[in-house]
Amino acid sequence: MTATTGIDSLPDQAQDLGPGAGSNPAFDPALFRSVFRRHAAGVAVVTATGPAGPVGFTATSLTSVAAEPPLLSFGVSLGSSSWPTVAEAAFVGVHILGEHQEALAAVFARSGADRFGPATAWSSGPHAVPLLDGVPAWLVCRIVARIPAGDHRIVVAQAVDGDPHGPGRPLLYHEGGFHRLPR
């Protein structure tokens, strides 16, 4: 079953990829993680606001999906402290982090961290989405689908506002650590 908001339906071939769907019990999940540690990814922080205040998490699964309409996707763990808010949110903020923001990425990746404490500069943006200061680029997006995928949900969202003119070059994640592009 696919949960959606704002989209009438997904293509008929869309499947619920819940726990155990098509799994190969002989395939080691540690091998899967090891392979993806070799894949360099840009670092983003996704934010949302809920009844208890702002939430956010570091994401390396951010993907551009379509230009017309402007859609992106990201994965979020069902075990994430941010998931309950993202599960109910109408809008999210997507922040592309710069090479100068490794500490910020680490704060938003750490379980139990005070992500919106005094060390984090942010303000309320369009649709009350928390916007982080000093990022190279950000988008505010309307969530259009939450697709079950194992122990995660793939969130599809449509950009409604943004700014690509912030400072810095992108921060990358590779082999378990943050990296910068060579100059």
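Residues numbered from 1 in each chain as written. Predicted model: local features only at pLDDT ≥ 70, side-chain atom pairs only at ≥ 80, totals over all residues. Heavy atoms only, no water.

## A closer look at the pattern of salt bridges
What the rule picks out here adds up to three salt bridges. For Glu175, the salt bridge goes to Arg38, with nearest N and O atoms at 3.2 Å. Separated by 137 residues along the polypeptide, Glu175 in the loop between strand E12 (171-174) and strand E13 (177-180) and Arg38 in the loop between helix H1 (29-37) and strand E2 (41-42) bring together distant segments of the chain. Residue Glu175 is classed as partly exposed on the basis of its relative accessible area of 39%. When the shortest N-O distance is used, the salt bridge between Glu99 and Arg169 registers 3.9 Å. With a gap of 70 residues between them, Glu99 in the loop between strand E7 (91-96) and helix H3 (102-109) and Arg169 in the loop between strand E11 (152-163) and E12 connect regions that are remote in the sequence. Looking at Arg169, the relative accessible area reads 28%, which means it is partly exposed. (Salt bridge = Lys/Arg side-chain N within 4 Å of Asp/Glu carboxyl O. Helix = DSSP H or I, 4+ residues; strand = E, 2+ residues; numbered from the N terminus. Buried < 20%, exposed > 50% of the residue type's maximum accessible area, 1.4 Å probe, protein only.)

## With respect to the pairing of strand E3 (residues 44-50)
Taken across its seven residues, E3 has six buried, putting it largely inside the fold. For E3 and strand E4 (residues 53-59), the ladder comprises seven bridges, and the chain directions are antiparallel. Each bridged residue has a counterpart across the sheet, and for Thr49 the counterpart in E4 is Pro54. Hairpin connection from E3 to E4: two residues lie between these consecutive antiparallel strands. (Pairing = 2+ DSSP bridges.)

## Here we look at the confidence of the model for the chain
Scored by pLDDT, the chain comes out at a mean of 88, with 86% of its residues at no less than 70. Contacts for the low-pLDDT stretch residues 1-14, under 50 throughout, to residues beyond four places or in other chains number 21 contacts. (pLDDT = per-residue confidence, 0-100. Contact = heavy atoms within 4.5 Å.)

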